[in-house]
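Read off the chains here:
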Amino acid sequence: MRHFISTLFISACMVSAAGASELRDTALEYFKPLPSTIPSVKDNPITPEKITLGKALFFDPRLSASGVFSCYSCHNLATGGDDNLETSIGHGWQKGPRNSPTVLNAVLNEAQFWDGRAEDLKAQAKGPIQAGVEMANTPETVVATLRSMPQYTEWFAAAFAEDAEPISFDNMAKAIEAFEATLITPSAFDAFLNGDDQAITPEAARGLALFVDKGCVSCHSGVNLGGQGYYPFGLIEKPGADILPPDDKGRFAVTETVDDEYVFRASPLRNVAVTAPYFHSGKVWDLKVAVQIMAESQLGEALSEEEADSIVAFLDSLTGSVPEVTLPVLPAETATTPRPTAEILR
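Each chain carries its own residue numbering, running from 1 in the direction its sequence is written. With pLDDT at 70 or above as the cut-off, local features in this predicted model cover only qualifying residues; side-chain atom pairs require 80 or more to be listed or tallied, and sums for whole chains, interfaces and linings still use all residues. Water and hydrogen atoms were dropped before computing side-chain values, which therefore reflect all heavy atoms in the structure.

**Quick look at the overall build of the protein**
Applied cut-off: Helix and strand assignments come from DSSP, with helices taken as H or I runs of at least 4 residues and strands as E runs of at least 2, each series counted from the N terminus. We compute the radius of gyration over the C-alpha atoms and compare it with the globule rule, which gives 2.2 Å times the number of residues raised to the power 0.38. We call two residues in contact when some of their heavy atoms are within 4.5 Å. The accessible surface values rely on the Shrake-Rupley method and a 1.4 Å probe; as for residues, cover is taken only from the protein chains in view. Positive charges come from Lys and Arg alone, negative charges from Asp and Glu alone, with His and the N- and C-terminal ends not counted. For this purpose, a charge sits on NZ of Lys, CZ of Arg, CG of Asp or CD of Glu.
Counting secondary structure elements, the protein contains 13 helices and two strands. A compact globule built from 346 residues would reach a C-alpha radius of gyration of about 20 Å, and the protein, at 21 Å, matches this within 12%. For the protein, the spread of C-alpha atoms along the principal axes amounts to about 70 × 40 × 30 Å. Across the protein, every contact between residues at least 6 apart in sequence was considered, and the portion connecting residues at least 24 apart equals 71%. Here the protein displays about 15500 Å² of accessible surface, and carbon together with sulfur accounts for 55% of that area. In the protein, 25 side chains carry a positive charge and 46 a negative one; their mean positions are 4 Å apart.

Below you can see the structure in the form of structure tokens.
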């Protein structure tokens, strides 16, 4: 089946209706279109009130100790849901150790962060706020900050009406998760999977056939074309130290299992064309180069220039429409709001 599809589309100049149908049937063995509604999340019913509150918290820099950095700082919704930096800049202008993944469609991932150390977006939201090189704050200060502003008191009470103490660090994370669950980006590829033969270009169709035929789907499949499962970076041939820094052993830091050295969660590929630079190290800025590195390192394949171009064309079809998000007007500070600090704690 795969050989037939590959032969058909690599040589074709146009996508016939019969060929498109055959390719779609094969694609649906590995991929799923995005859901048409907001995905549900575990232990956190999503409501309009939580989404409204979560959006404000996502944009609020006062969740950071310095009052400078917000979730939006590293997850810019206008530039692919990340910050387009090699590694993110945080508290005291420190640089983080890894490239910032996109927040778009992140709710569909099996786990969060490159090493999967956060089981969901609730857990992920708490991490950067407390990380010394990111937002450098404490749960106690965050709660004090939120309780100091009457508008936040009202919003939390509406979003968590069943709680005796609506404002809590856990509820802050749940609200952010609820907002982030709305960041679903349907693309041309989804239209193709849903039956539109002309939604992707002939070159993208050839790239899709190659993506399946070469074995890229072994790691990058499912609704998010990745985000599921953990794999060694350099399964066949390890990249150089400039791309795979020897001091970052990936999931080993979470499991302390030797087999997890240099193992990372498979990167989701939706919107990958607008989220350069690539890999956990952020060392590669060109998507075609990243595709070639992955083919050699993970599959032992040396792609031709034409094959790499076609796969990039397919990846371009994964760039989706970002939902319109209006900037929230944030609550004003009061006399009891904790003051910002630039102190770096070691």
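**Some thoughts on the environment of Val258**
Operational definition: The rule is simple: take the accessible area with a 1.4 Å probe, protein chains only, and divide by the maximum for that residue type; under 20% is buried, over 50% is exposed, in between is partly exposed.
Following the sequence through the fold, Val258 ends up in the loop between helix H11 (252–255) and strand E2 (263–265). By relative accessible area, which is 58% here, Val258 ends up exposed. For Val258 and Pro48, which are 210 residues apart along the polypeptide, the C-alpha to C-alpha distance reads 44 Å.

**Points about the packing of aromatic side chains**
As a reminder, the rule being used: Classification of ring pairs rests on two measures: the distance between centres of Phe, Tyr or Trp rings, Trp counted by its six-membered ring, which must be within 6.5 Å, and the angle between planes, read as stacked under 30 degrees, edge-to-face over 60 and tilted in between. A ring is scored as having a charge over it whenever the NZ atom of a lysine or the CZ atom of an arginine sits within 6 Å of its centre and within 35 degrees of its normal.
This structure, assessed with the given rule, holds 14 aromatic pairs. Plain terms: the ring middles of Phe31 and Phe189 are 5.5 Å apart, the flat faces sit at 80° to each other, and that makes the pair edge-to-face. In this pair, Phe31 is assigned in the loop between helix H2 (17–27) and helix H3 (48–59) and Phe189 in helix H9 (residues 188–193), connecting sequence segments 158 residues apart. Each member of the pair Phe31 and Phe189 is classed as buried. With centroids separated by 5.5 Å and ring planes inclined at 75°, the aromatic side chains of Phe58 and Phe59 adopt a geometry described as edge-to-face. Residue Phe58 shares its accessibility class with Phe59, and that shared class is buried. What links up through ring pairs into an aromatic cluster is the set Tyr30, Phe31, Phe189, Phe211 and Phe314. Lying across the ring of Phe252, Lys249 places its NZ or CZ 5.7 Å from the centre. When the ring centre of Tyr230 is taken as origin, the NZ or CZ atom of Arg251, which lies over that ring, is 4.0 Å away.

**As for a nonpolar patch on the surface**
Here is the rule we go by: The patches described consist of residues with a relative accessible area above 30% and no salt bridge, like charges being joined within 9 Å and nonpolar side chains (Val, Leu, Ile, Met, Phe, Trp, Tyr) within 5 Å. Any Lys or Arg side-chain nitrogen found within 4 Å of a carboxyl oxygen on Asp or Glu counts as a salt bridge.
Together, Val68, Leu85, Ile89 and Trp93 line one region of the surface with nonpolar side chains, adding up to about 390 Å² of accessible area. Position of Trp93 among the secondary structure elements: in the loop between helix H4 (71–74) and helix H5 (121–130). The exposed category is assigned to Trp93, whose relative accessible area is 63%.

**Quick word on unusual backbone geometry**
The omega angle of the peptide bond from Ala276 to Pro277 is 5°, so this bond is cis rather than trans. Residue position: Pro277 is located in the loop between E2 and helix H12 (287–299). Positive phi, close to 60°, is recorded for Trp93, a residue that is not glycine. We note that Tyr262 has phi near 60°; this positive angle belongs to a residue other than glycine. By the element assignment, Tyr262 lies in the loop between H11 and E2.

**Observations concerning the side chain of Arg62**
Note the following rule: Here a polar contact means two N or O atoms within 3.5 Å. Within protein one must be a hydrogen donor candidate and the other an acceptor candidate, and residues neighboring in sequence count only if both atoms are side-chain atoms.
Within the secondary structure layout, Arg62 lies in the loop between H3 and H4. Overall, the relative accessible area of 14% leaves Arg62 in the buried class. Separated by 2.7 Å, the side chain of Arg62 and the backbone oxygen of Pro331 make a polar contact. Within the structure, Arg62 has its side chain in polar contact with the side chain of Glu333 (distance 3.4 Å). Here Arg62 is in contact with Gly67, Asn137, Thr145, Met149, Tyr152, Leu330, Pro331, Ala332 and Glu333, once residues within four sequence places are set aside.

**Quick word on the packing of H12 against helix H13 (residues 305–316)**
Note the threshold: To get an axis, a line is fitted to the C-alpha atoms, and for a helix only the part in contact is used. The angle between two axes follows their N-to-C directions and goes from 0 to 180 degrees. In this scheme, roughly parallel covers angles under 35 degrees and roughly antiparallel covers those over 145, while 65 to 115 is roughly perpendicular and the rest are oblique. If you view the pair so one helix is near and one far, a crossing is left-handed when the near helix is turned anticlockwise from the far one by less than a right angle, and right-handed when it is turned clockwise. In this count, Pro and Cys sit with the nonpolar residues alongside Ala, Val, Leu, Ile, Met, Phe, Trp and Tyr, while Asp, Glu, Lys and Arg are called charged and the others, Gly among them, polar.
Following both chains from N to C, one finds H12 and H13 inclined at 115°, their axes separated by 9 Å at the closest point. Regarding the angle of H12 to H13, the classification is roughly perpendicular. Considering how the two elements wind past one another, H12 and H13 form a crossing that is right-handed. Where H12 abuts H13, its residues Leu287, Lys288, Val291 and Gln292 lie against Glu305, Ala308, Asp309, Ile311, Val312 and Leu315. Grouping the constituent residues of the contact of H12 with H13 by class yields six nonpolar, one polar and three charged.

Spatial relationships are all this shows, so hold off on functional conclusions.
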